[in-house]
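Fold and geometry: a report
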Amino acid sequence: MAATPLKKRIDVFGERYRARAPALSPRLQAVVRYIYDNRETVLESTALEIAAATKTSDATVIRAIQALGFAGLRDMKKTLEAWLGTAINSEEKMITTVSELACDINSGIDFVLDGHKRACDTLSEPGNRQAMSEAVALLIGARQVGLFGINASGILADYSARLFNRIGIPAVSLNRSGVALAEQLISLQRGDVLIMMAQKNAHKEGTTTVREAKRLGIPIILLTHATESFFAKEATLVINVPRGGENGRMPLHGTVLVCLEMLILSVASATSSRTVKTMTRIQDLYRTLKPSNKK
């Protein structure tokens, strides 16, 4: 059965920018260029904040937006949100991937192996090693670790929180939405460290979590391949974790898990006495929970 063709998305803002920006004054060009380069950030910004970032006035920001054919900031944000929020969904990614790999079983094996090899090569680069070293230093001294991730990354958050608890560092998952996420976020306090798994889309769950971390002075360790995203600009440390997924193909979440396990094992090794003490206590508790063999 032939795969359903993917509907082509239209970048309305990008098209208007390319067509109209060259005719604008230098000040207006500076504003629209900033918006073009920082779309995720702009979604969460006021006209005054954009003006501050571009060293102009809020009136200039509005004139620049209107020069691209938008009624105002709200109208432009709706267009940006429609573009950024219509990413290819998981069903479409799976259809695209299996259609391309349908030739034989080895193509699927190679797709995953090649993706993980590239990711491991990137994780081992000097810049990433330095970022991970700094991340481990933060995690060692954390009162508690918060692990943010939604959808598939939410599963990784639960798994990693369990591992952090096993090595003696209290950890909580931040992997829900709506009021359930608010209930999770309320547990964060000063002295915590936040690990975020997020990509390009500046969704409300992620931006709300970032704001709460900033309010509390909590450092943010970001695991992402979108190193120019809103989240990357707000993070304390960024670890570049390739996941594949180019050209509409499915991403590989195992690469993020590899990075998480690197961090957790490094922390466990650096705090070996705490790790051993915690694991010993877990085993002691477990023994009391095991069924007795006595009749």
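Heads up: the structure comes first, above all this text.
Residues numbered from 1 in each chain as written. Predicted model: local features only at pLDDT ≥ 70, side-chain atom pairs only at ≥ 80, totals over all residues. Heavy atoms only, no water.

**Overview of the pairing of strand β5 (residues 237-240)**
- Taking every second residue as pointing to the same face, the buried face of β5 carries L237 and I239, while none of V238 and N240 on the other face is buried.
- Judged from the 4 bridges that link them, strand β4 (residues 220-224) and β5 form a sheet pairing that is parallel. Residue L223 lies in a different strand from β5, and its bridge partner there is I239. (Buried < 20%, exposed > 50% of the residue type's maximum accessible area, 1.4 Å probe, protein only. Helix = DSSP H or I, 4+ residues; strand = E, 2+ residues; numbered from the N terminus. Pairing = 2+ DSSP bridges.)

**Overview of the nonpolar core**
- Residues F164, L223 and I239 are the most contacted members of the largest nonpolar core, which totals 31 residues.
- Contributing elements (two or more residues each) for this core: α9 (126-140), β1 (145-148), α10 (152-166), β3 (193-197), β4, β5 and α14 (254-270).
- Once you skip the residues sitting within four places of it in the chain, I239 turns out to touch L123, N128, A131, M132, A135, I221, L222, L223, T224, C259 and L263.
- Counting 23 residues, the second-largest nonpolar core is a separate cluster that includes F13, A21, L28 and F70. (Core = buried A, V, L, I, M, F, W, Y, C linked by side-chain atoms within 4.5 Å. Contact = heavy atoms within 4.5 Å.)

**Here's the deal with the packing of aromatic side chains**
- For the structure on display, the rule yields 4 aromatic pairs.
- Seen from their ring centres, F13 and F70 are 6.0 Å apart, and the 20° between their planes marks the pair as stacked. With a gap of 57 residues between them, F13 in helix α1 (residues 12-20) and F70 in the loop between α5 (58-67) and α6 (73-84) connect regions that are remote in the sequence. Each member of the pair, F13 as well as F70, carries the same accessibility label: buried.
- Geometrically, the ring pair formed by F230 and F231 is edge-to-face, given 5.3 Å between the ring centres and 70° between the ring planes.
- The class of F230 is buried, set by a relative accessible area of 7%. (Phe/Tyr/Trp six-rings, centres within 6.5 Å; stacked < 30°, edge-to-face > 60°.)

These figures capture arrangement, not role.
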